[in-house]
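# Fold and geometry: a report
Spelled out from the first residue to the last, the chains are:
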Amino acid sequence: MSGALTLGALIADARRRLTAAGVDTAAIDARLLVAAATGASRLDLVAAADRSVAADAATRLDGWIGRRAAGEPVGRILGTASFYGLDFALGPDTLEPRPDTETLVEVALAAVRTGRIPGVSPDGDGLRLVDLGTGTGAVAVALLARLPRARGLATDLSADALAVARDNAARHGVGDRLDFAQGDFFAAAGGRFDLVVSNPPYVATGVIAGLDREVRLHDPLLALDGGVDGLDAYRAILGGIREHLAPGGVLAVEIGWDQGAAVVALFGAAGLSEIEVRRDLGGRDRVVSGSLVGQID
């Protein structure tokens, strides 16, 4: 860019370039990238717009804006993403946690805090949870951060994803209460759990090619592809639910916006009851939960 290197000028130029590239979130992305490149706070971006910026920061920002304009998400560029008020490091084998998934955390927390799970206190005392396909560890870490007496297990097929999740757990002070195991859903989990959560792959194979480039080109295929109808992961999880969910325990899974009825039917066929569908802030079906009551196999 030409002209004085100031925070305000950098924001204006970044926003212009991203808008021209068709980035819908150009304004917020420009501010996030300028703040990260220059070390400026949110307040600085507003109150100190005339502050001079070093040439090396402007050069760094220029490269980042080019990458964002080409479709790379901000989280991938910066290597971190915010989720439920916490920052999470990303890796090549992890999804970037998204606001929609915070609905899964809310449902799980409500199950604990309202006494839905027998023998578990509102602070998580007595709770053993498992996060199947944990990725960055965002769901498990967010839950343990708000349930100070709970313990958990996080599983994933990817050893690299588990390494990222382990680092994120340590960063947020829950590493001593979260164990990790490599494997496919319940194949890596022994025993029974009071709370089972998962944001599994749920995109139908034939739909992946039409996803937004931010997802299609930058999220790992393993974490997206849910099989021909997008329901393979739910079938796998529910296939082991009677063996691994404690009596009165709760299973909560994220779903695609159009999968509510299908996943509810799968929950019912697996013998779960008290089945509920929770919508996200956009009004779309996002989480299905259910309990295992009565006789356990």
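Reading the values: the criteria
- Residues numbered from 1 in each chain as written.
- Predicted model: local features only at pLDDT ≥ 70, side-chain atom pairs only at ≥ 80, totals over all residues.
- Heavy atoms only, no water.
- UniProt positions renumbered as here; feature names shortened; annotations may be inferred.
- Pairing = 2+ DSSP bridges.
- Helix = DSSP H or I, 4+ residues; strand = E, 2+ residues; numbered from the N terminus.
- Contact = heavy atoms within 4.5 Å.
- Polar contact = N/O pair within 3.5 Å; in protein donor to acceptor, adjacent residues only side chain to side chain.
- Axes fitted to C-alpha atoms, helices over the stretch in contact; angles between N-to-C directions.
- Left-handed = near helix turned anticlockwise from the far one by under 90°.
- Nonpolar A, V, L, I, M, F, W, Y, C, P; charged D, E, K, R; others polar.
- Domains from an automatic or database assignment.
- Buried area = accessible area lost by both parts, 1.4 Å probe.
- Salt bridge = Lys/Arg side-chain N within 4 Å of Asp/Glu carboxyl O.

The name an unreviewed UniProt entry gives the protein chain is Release factor glutamine methyltransferase, with uncultured Pleomorphomonas sp as the organism. The protein chain has a UniProt comment under Sequence similarities (unreviewed entry) that states "Belongs to the protein N5-glutamine methyltransferase family. PrmC subfamily."

Before going further, it helps to examine the pairing of strand β2 (residues 86–89). Two strands pair when backbone bridges link them, and strand β1 (residues 80–83) and β2 are joined in this way by four bridges, in the antiparallel orientation. By the bridge assignment, Phe 83 is partnered in β2 with Leu 86.

Per the UniProt record, "binding site: S-adenosyl-L-methionine" (unreviewed entry) is annotated on Gly 133, Thr 134, Gly 135, Thr 136, Gly 137, Asp 156, Phe 185 and Asn 199. Here Gly 137 shows up in the loop between β3 (128–132) and α7 (138–146). Following the sequence through the fold, Asp 156 ends up in strand β4 (residues 151–156). What Asp 156 contacts, discounting residues up to four positions off in sequence, is Gly 133, Thr 134, Gly 135, Ala 161, Leu 162, Ala 181, Gln 182 and Gly 183. Polar contacts involving the side chain of Asp 156 include one to the main-chain amide nitrogen of Thr 134, which spans 3.3 Å.

With that settled, consider the packing of helix α2 (residues 26–38) against helix α4 (residues 55–69). The contact between α2 and α4 brings their axes to 9 Å, and the two run at 145°. At the point where α2 passes α4, the crossing takes the right-handed sense. Contacts between α2 and α4 pair Asp 29, Leu 33, Val 34, Ala 36, Ala 37 and Thr 38 from the former with Ala 57, Arg 60, Leu 61, Trp 64, Ile 65 and Arg 68 from the latter. Residue composition of the contact of α2 with α4, by class: eight nonpolar, one polar and three charged.

It is worth spelling out the domain arrangement of the protein chain at this point. What the domain assignment lists for the protein chain is domain 1 (7–78) and domain 2 (85–292). Taking only C-alpha atoms, the centre of domain 1 and the centre of domain 2 are 33 Å apart. Counting residues at the interface gives nine residues for domain 1 and 10 residues for domain 2. Summing both sides of the interface, domain 1 and domain 2 together bury roughly 730 Å²; the carbon and sulfur share of this comes to 42%. Of all residues in domain 1, Gly 71, Pro 73 and Arg 76 give up the largest surface area on contact with domain 2, accounting jointly for 65% of the area buried on that side. Put simply, Arg 76 and Asp 219 hold a salt bridge, and the shortest N to O gap is 2.8 Å. Mapped by element, the contributors of at least two residues to the side of domain 1 that touches domain 2 are α4 and α5 (74–78). Partitioning the side of domain 1 that touches domain 2 into residue classes produces four nonpolar, two polar and three charged.

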